[in-house]
Amino acid sequence: MDIIDFENINVGYDEKIVLKDITLKIKEKEHWAILGANGSGKSTLMKLIQSEIHPRRTKPFKKEILGKSTYSVFELRKNLGIITNDLHNYFAREASFLTGYKVVLSGHYSSVGVFAFQDFSEEQLSKAKEVMKFLEIEHLTSKKVNEMSTGELRKCIVGRALIHNPKAFILDEPTVGLDIKAQINFIKMLKKLSKEASIILVTHHLEEIFEEITKVALIHNNTIFKSGDKKDLLTSENLSTIFDTKLHLNEKNDRYFIEEIL
Ligand SMILES: Nc1ncnc2c1ncn2[C@@H]1O[C@H](COP(=O)(O)OP(=O)(O)OP(=O)(O)O)[C@@H](O)[C@H]1O
């Protein structure tokens, strides 16, 4: 089953088309990076995947997620672990009093917080503990959101999504606000997670594209400029095009970095 199967989608806001002719197929167990400059439409693509915005109906298109063209948003959230900075900020703002354990536990109801009327079975409680153990965040069990660092809260939010064993995690610039150590640590966690689910990482940091990610989609000129194998597409030429600046890409041990701006 494909995680994402999009063909010829146009999407935008009001009169403005932000992404046109979007064709993208992401298969189960594949790991992808979606790269694009600021304002190229990465977050818009995320909104399309989450059904926060919808394709224009002006021409035929295909939009299937996990093999379905219709689904409830609740079902979608369970099957895809969607991690956005909006979600992070929402938790930081609205749920500062929650402990790490409750953030993770809230995944069972896809709610922000845990409420008295929500009953949890022993199984659900132990699933939350198991997830925290897997992500190595047990030390955050009793720590409140307002006492957590950005990286700590982000990991709890990943744990909340992991409750449902989603087929894929879609992460929109998940290392924003993390210092170098926290960034490396977060990517390490994603590598571990990639053994359990597909990772779709939206980023403009090349160094975050870890070895297991073998596919990339490059967004440029309001469309998916190129998509396919990382080893073919991550070139100085392609990156110079999408970031609209001359740059030189280097690779070491299957990790990429910008060596020199010419
Ligand atoms: N709610 C909105 N209403 C109107 N235009 C929008 C809206 N959100 C985004 N846009 C426009 O759509 C385009 C793509 O924005 P988007 O946020 O998807 O880019 P992005 O690649 O995620 O950028 P960044 O890397 O800066 O986060 C931009 O021109 C932006 O101004």
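Summary of the structure given here. Being a predicted model, the structure only gives us computed values, none of them experimental. (Residues numbered from 1 in each chain as written. Predicted model: local features only at pLDDT ≥ 70, side-chain atom pairs only at ≥ 80, totals over all residues. Heavy atoms only, no water.)

## A short note on the pattern of salt bridges
And step 1. On inspection of all chains with the given rule, the structure shows 16 salt bridges.
And step 2. The salt bridge partner of D21 is K59, with a shortest N-O separation of 2.4 Å. Placement of D21 in strand β2 (residues 16-27) and of K59 in the loop between α1 (42-49) and β4 (62-65) is noted, with a sequence separation of 38 residues between them.
And step 3. The class for D21 is partly exposed, based on a relative accessible area of 39%.
And step 4. Since its relative accessible area comes to 26%, K59 is described here as partly exposed.
And step 5. In this structure, K230 and D254 form a salt bridge, with 3.6 Å as the shortest nitrogen-oxygen distance. You can see K230 sitting in helix α8 (residues 230-233) and its partner D254 sitting in the loop between β10 (248-252) and β11 (255-260), a full 24 residues away along the chain.
And step 6. The class for K230 is buried, based on a relative accessible area of 3%. (Salt bridge = Lys/Arg side-chain N within 4 Å of Asp/Glu carboxyl O. Helix = DSSP H or I, 4+ residues; strand = E, 2+ residues; numbered from the N terminus. Buried < 20%, exposed > 50% of the residue type's maximum accessible area, 1.4 Å probe, protein only.)

## Examining the packing of aromatic side chains
And step 1. What the rule picks out here adds up to zero aromatic pairs.
And step 2. The residue whose ring lies beneath K192 is F134, and the NZ or CZ to ring-centre distance is 4.8 Å. (Phe/Tyr/Trp six-rings, centres within 6.5 Å; stacked < 30°, edge-to-face > 60°. Lys NZ or Arg CZ within 6 Å of the ring centre and 35° of its normal.)

## Regarding the side chain of E173
And step 1. As for its placement among the helices and strands, E173 is situated in the loop between β6 (168-172) and α7 (180-193).
And step 2. If we skip the residues at most four places from it in the chain, E173 touches K42, N85, R154, V202, T203 and H204. (Contact = heavy atoms within 4.5 Å.)

## Digging into the packing of helix α3 (residues 85-94) against helix α6 (residues 150-162)
And step 1. Running from N to C, α3 and α6 cross one another at 110 degrees; their axes reach a closest spacing of 10 Å. Our classification of the angle between α3 and α6 gives roughly perpendicular. Packed against α3, whose contacting residues are N85, L87, H88, F91 and A92, the element α6 presents T150, L153, R154, I157 and R160 at the interface.
And step 2. Of the residues in the contact of α3 with α6, the class split is five nonpolar, three polar and two charged. (Axes fitted to C-alpha atoms, helices over the stretch in contact; angles between N-to-C directions. Parallel < 35°, antiparallel > 145°, perpendicular 65-115°, else oblique. Nonpolar A, V, L, I, M, F, W, Y, C, P; charged D, E, K, R; others polar.)

## Observations regarding the nonpolar core
Buried together is how nonpolar side chains tend to be arranged in soluble globular proteins.
And step 1. Core analysis: the biggest nonpolar cluster contains 50 residues, and V158, F169, L171, L190 and L234 have the highest contact counts within it.
And step 2. With six residues, the top contributor of residues to this core is α6.
And step 3. Domain assignment of the residues forming this core places at least three in each of domain 1 (1-66 + 168-235) and domain 2 (96-166).
And step 4. Setting aside residues no more than four positions away along its own chain, V158 makes contact with I83, L135, F169, L171, F186, M189 and L193.
And step 5. Counting 30 residues, the second-largest nonpolar core is a separate cluster that includes V11, I22, Y71 and I219. (Core = buried A, V, L, I, M, F, W, Y, C linked by side-chain atoms within 4.5 Å. Domains from an automatic or database assignment.)

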